[in-house]
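# Observations on the three-dimensional arrangement
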Amino acid sequence: MKWALVIWSLSPDSFQIFERFQTLEQCLQKRETVQAAFAQADSDFGSSCRPMKPGGARPNSDIVIHRLTIR
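Here the structure is a predicted model, which is why all the values come from computation and not from measurement.

Another aspect to go through is unusual backbone geometry. Backbone geometry places D42, a non-glycine residue, at a positive phi of 55°. Given a relative accessible area of 68%, D42 falls into the exposed group.

Okay, structure coming up:
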């Protein structure tokens, strides 16, 4: 299983992928480094390691674009 280190500012539900890893151990090691940097900077950012879905991130297929031309 692949893992992603995610970082958020206000809520763990609105996050950004910081880096991807092959193992949970690699992810946790990087998280320690990132959390130490956040603590040193007195930052409110949070981070966690989360499993990635098979195939990785896929674009949202629910996006609809409407265009209108007026002459």
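Among the nonpolar cores identified, the biggest contains eight residues, and these are W3, L5, I7, F21, C27, V34, F38 and C49. Looking at this core, the elements that each hand over two or more residues are β1 (3–8) and α1 (24–40). Excluding anything up to four places from it in sequence, V34 contacts L5, I7, F18 and S47.

Below, the discussion takes up the state of the cysteines. On inspection of all chains with the given rule, the structure shows one disulfide. In this model C27 forms its disulfide with C49; the gap between the sulfur atoms is 2.2 Å. Looking along the S-S bond of the C27-C49 disulfide, the torsion reads about -105°, which is the left-handed sense. Of this pair, C27 sits in helix α1 while C49 sits in strand β3 (residues 46–51); the two residues are 22 residues apart in sequence, bridging distant segments of the chain.

Attention now goes to the sheet that holds β3. If you walk across this open sheet you meet the three strands as β2-β1-β3, and the pairing is antiparallel. One side of each edge strand has no neighbouring strand; the edge strands of this open sheet are β2 (15–21) and β3. Averaged over neighbouring strand pairs, the angle between their axes works out to 30° when direction is ignored. One ladder, built from six bridges, connects β1 with β3; its direction is antiparallel.

The next subject is the packing of aromatic side chains. A full pass over the atoms with the stated rule returns one aromatic pair. Across the ring face of F15, the terminal group of R50 is positioned such that the distance to the ring centre comes to 4.5 Å.

Each value, and the rule that gives it
- Residue numbers here run from 1 along each chain, matching the order of that chain's written sequence.
- Local features in a predicted model are, by the rule used here, given only for residues with pLDDT of at least 70; side-chain atom pairs are given and counted only at 80 or more, and totals for whole chains, interfaces and linings are based on all residues.
- Hydrogens and water are ignored here; the side-chain numbers use all heavy atoms of the structure.
- Each residue is placed in one exposure class: buried if its accessible area under a 1.4 Å probe, protein chains only, is under 20% of its type's maximum, exposed if it is over 50%, and partly exposed if it falls in between.
- The set of buried Ala, Val, Leu, Ile, Met, Phe, Trp, Tyr and Cys residues whose side-chain atoms join them within 4.5 Å is what this entry labels a nonpolar core.
- Secondary structure elements are defined from DSSP: runs of H or I of at least 4 residues count as helices, runs of E of at least 2 residues count as strands, and each element is numbered from the N terminus.
- In what follows, residue pairs with any heavy atoms lying within 4.5 Å of each other are defined as contacts.
- Pairs of cysteine sulfur atoms within 2.5 Å are identified as disulfides in what follows.
- Strand pairing requires that DSSP identify at least two bridges connecting the strands.
- Fitted lines through C-alpha atoms give the axes, limited to the stretch in contact for helices. The angle between two N-to-C directions lies from 0 to 180 degrees.
- Here a Phe, Tyr or Trp ring, Trp counted by its six-membered ring, pairs with any other such ring whose centre lies within 6.5 Å, and the pair is stacked when the planes are under 30 degrees apart, edge-to-face when over 60, and tilted otherwise.
- In this analysis the charged atom, NZ for Lys or CZ for Arg, is taken to sit over a ring once it is within 6 Å of the ring centre and within 35 degrees of the ring normal.

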